[in-house]
Amino acid sequence: MEQEIFKRMPVPRAYFKMALPVVMSMLVSLVYNMVDTWFIAQTQDTALVAGVSLCAPLFTLMVAMGDIFGLGGSSLISRLLGQGERQRVRHVSAFCSYCSILWGVLVAAIMLVFRQPILMLLGARADTMASATAYYRYLALGAPAIIFTLVPSNILRTEGLATAAMVGSVTGALVNIVLDPIFIFLLGMGAGGAALATVLSNVVSAVLFMILLCKKSRNLSLHLRECSVYGTELREILLIGFPASITNLMQSFAMTLTNRFLLPYGTQQVAALGIALKVNMIVMLIMVGFAFGAQPLLGYNYGARNRKRLREILRFDLLVILGFSIVMTVAFLLAAPAVIRIFMAETAVVEAGSVILRCMVVTMPLMGVILVCTTLFQAAGKALPAFLLSVSRQGVVLLICMVILSGLLGYYGVVLAQAASDAITAVLAVVLLKRANLFGEK
């Protein structure tokens, strides 16, 4: 199976065989995120919606922590499989799994000890502190499970087990959807109930991932005795894992930065941003699904030095992601008010959310270029260009755009800052791709 998918199967068929299960996982996660926001919004409590939105960067932060060992490990494992180093794959996979659990315990402890200053940093105030605190506590306790699930969900795909990875992700998301209304409304837990549902669903996913890995995989391992790596392997994991982690950290940074710049314009704008961010995931998660579905194919063929197939996969990846992003951009530009109204009918929130959503999606094709280049650099183990892209779009470049545009255009400058950052970072991505010379061209 592995040899067929990675070496001989026609590129379009191999691409969709690997990517569609990931996209399906993302779609189910998307449905969960939409339903989660919808259930919370049904309280018609703007302060509660805003309080939960303020905590959204924390979940992204945990995903980022999991990516250190999930994406860093899967990048190395893909190249090791391409080189035929199967025994090293067992050691690397066990090491990444146990390190992610220990890292999750450390994150949970830090979050619980520094709860108040972290919430203040996120922008929680008197009207949002209660709901933000309720959500925060359960999320902190679930950090080990949330962070761990990122490892098996990524490394299973390096063996062509994309469907098994999908089963683990989808099952957790479905559990979350079922538990949300029970905890939020039936048990009257509000924001805390939404967070508890998220944590329990990740626990279910973690257990299922371990079962699937042990039963389905021929090369991956969860044996503690195999939990060891060489110094060079640890370096490769971290060199790719940290830039991948920074990508998600920058998402947290971007959400927090935008929240804080919008605070002077009122709680309704913060609530509108939270809803628009969820809707934006319709495009983003599917694009990420296609890009990360292709990443094991890119890594394997780069490790095997099959540059011709590597180039074919990259071209097809770009074609799919750009085509999808253009179609979805047009759709959301036309239907933004109707989409926002699904979640909250308050006129001010619909108007603000429509503006924010349109500004988010207008440069989505450029985001597709950035995403494809980033996953290619990660798959090839190219740490520096991966790092530069990671800290640019939703980090350094966004901060500069936010400061300049908010000063010039006020509220509209805040919501246009991400689009400006996308355009600048896309140019940087193309320049880095040409300079990297990943295809051995003179």
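Before any of the text, the structure's been laid out above.
The paragraphs below set out a description of the structure included in this document. (Residues numbered from 1 in each chain as written. Predicted model: local features only at pLDDT ≥ 70, side-chain atom pairs only at ≥ 80, totals over all residues. Heavy atoms only, no water.)

1. As for the packing of aromatic side chains
Then, in step 1: Tallied over the entire structure, the rule returns six aromatic pairs.
Then, in step 2: Seen from their ring centres, Phe6 and Tyr300 are 4.8 Å apart, and the 25° between their planes marks the pair as stacked. Linking Phe6 in helix 1 (residues 2-8) with Tyr300 in helix 11 (residues 267-303), this pair joins segments that are 294 residues apart in sequence.
Then, in step 3: Geometrically, the ring pair formed by Tyr15 and Phe290 is stacked, given 6.1 Å between the ring centres and 10° between the ring planes. Taken together, the residues span a long stretch of sequence, with Tyr15 in helix 2 (residues 11-41) and Phe290 in helix 11 at a distance of 275 residues.
Then, in step 4: For Tyr15, a relative accessible area of 0% translates into the label buried.
Then, in step 5: When the ring centre of Tyr230 is taken as origin, the NZ or CZ atom of Arg88, which lies over that ring, is 4.0 Å away. (Phe/Tyr/Trp six-rings, centres within 6.5 Å; stacked < 30°, edge-to-face > 60°. Helix = DSSP H or I, 4+ residues; strand = E, 2+ residues; numbered from the N terminus. Buried < 20%, exposed > 50% of the residue type's maximum accessible area, 1.4 Å probe, protein only. Lys NZ or Arg CZ within 6 Å of the ring centre and 35° of its normal.)

2. Brief notes about the pattern of salt bridges
Then, in step 1: Tallying each qualifying case throughout the model produces five salt bridges.
Then, in step 2: Measuring nitrogen to oxygen at the nearest pair gives 2.6 Å for the salt bridge that ties Glu236 to Arg79. Remark: Arg79 occurs in helix 3 (residues 46-82) and Glu236 occurs in helix 10 (residues 231-262); sequence separation between them is 157 residues.
Then, in step 3: Overall, Glu236 belongs to the partly exposed group, its relative accessible area being 27%.
Then, in step 4: We note a salt bridge from Glu233 to Arg88, for which the minimum N-O separation is 2.8 Å. Placement of the pair is Glu233 in helix 10 and Arg88 in helix 4 (residues 86-113), with a sequence separation of 145 residues. Taken as a pair, Glu233 and Arg88 share a single burial class, namely buried. (Salt bridge = Lys/Arg side-chain N within 4 Å of Asp/Glu carboxyl O.)

3. Structural notes on the packing of helix 6 (residues 129-141) against helix 9 (residues 190-216)
Then, in step 1: Where helix 6 contacts helix 9, the axes come no closer than 7 Å and their chain directions differ by 20°. Between helix 6 and helix 9, the interaxial angle falls into the category roughly parallel. For the element pair helix 6 and helix 9, the recorded crossing hand is right-handed. Between helix 6, through Ser131, Ala134, Tyr135, Tyr138 and Leu139, and helix 9, the contact on the second element is made entirely by Ala191, Gly192, Ala194, Ala195, Leu196, Thr198 and Val199.
Then, in step 2: For the contact of helix 6 with helix 9, the per-class residue count stands at nine nonpolar, three polar and no charged. (Axes fitted to C-alpha atoms, helices over the stretch in contact; angles between N-to-C directions. Parallel < 35°, antiparallel > 145°, perpendicular 65-115°, else oblique. Left-handed = near helix turned anticlockwise from the far one by under 90°. Contact = heavy atoms within 4.5 Å. Nonpolar A, V, L, I, M, F, W, Y, C, P; charged D, E, K, R; others polar.)

4. Remarks on the packing of helix 14 (residues 364-380) against helix 17 (residues 411-436)
Then, in step 1: Between helix 14 and helix 17, the least distance of the axes is 9 Å, while the angle of their chain directions is 35°. Viewed along their axes, helix 14 and helix 17 form a crossing whose handedness is left-handed. From helix 14, Leu366, Val369, Ile370, Cys373, Leu376 and Phe377 reach across to helix 17, where they touch Asp422, Ala423, Thr425, Ala426, Ala429, Val430, Leu432, Leu433 and Ala436.
Then, in step 2: Partitioned by chemical class, the residues of the contact of helix 14 with helix 17 number 13 nonpolar, one polar and one charged.

5. Here we look at a nonpolar patch on the surface
Then, in step 1: Nonpolar side chains collect at one region of the surface, where Phe253, Val396, Leu399, Ile400, Val403, Ile404, Leu408, Leu409, Tyr412 and Leu416 lie side by side and expose about 920 Å² of accessible area between them.
Then, in step 2: In this structure, Ile400 sits in helix 16 (residues 392-409).
Then, in step 3: On the basis of relative accessible area, Ile400 is assigned to the partly exposed category, the value being 48%. (Patch = residues over 30% accessible without salt bridge, like charges linked within 9 Å, V, L, I, M, F, W, Y side chains within 5 Å. Areas by Shrake-Rupley, 256 points an atom, 1.4 Å probe, with all protein chains shown as cover.)

6. Quick word on unusual backbone geometry
Then, in step 1: Phi is positive for Arg305, close to 60°, though the residue is something other than glycine.
Then, in step 2: Secondary-structure assignment places Arg305 in the loop between helix 11 and helix 12 (307-343).

7. Section: the state of the cysteines
Then, in step 1: In the structure shown here, the tally under the stated rule is zero disulfides.
Then, in step 2: Here Cys96 stays free of any disulfide, with the sulfur of Cys99 as its closest cysteine sulfur at 7.0 Å.
Then, in step 3: Judged by relative accessible area, which is 0%, Cys96 ranks as buried.
Then, in step 4: In this structure Cys99 is a free cysteine whose sulfur lies 5.6 Å from that of Cys227, the closest cysteine sulfur available. (Disulfide = S-S within 2.5 Å.)

8. Concerning the nonpolar core
Considering soluble globular proteins, one finds that nonpolar side chains tend to be buried as a cluster.
Then, in step 1: Counting residues in hydrophobic clusters, the biggest one holds 141 residues, and the most contacted among them are Val279, Phe332 and Ile356.
Then, in step 2: Ranked by the residues each element gives to this core, the list is headed by helix 11, at 22 residues. (Core = buried A, V, L, I, M, F, W, Y, C linked by side-chain atoms within 4.5 Å.)

9. Looking at the side chain of Thr374
Then, in step 1: Mapped onto the secondary structure, Thr374 falls in helix 14.
Then, in step 2: On the basis of relative accessibility, which here comes to 9%, the residue Thr374 falls in the buried class.
Then, in step 3: Reaching out from Thr374, the side chain makes a polar contact with the backbone oxygen of Ile370 at a distance of 2.7 Å. (Polar contact = N/O pair within 3.5 Å; in protein donor to acceptor, adjacent residues only side chain to side chain.)

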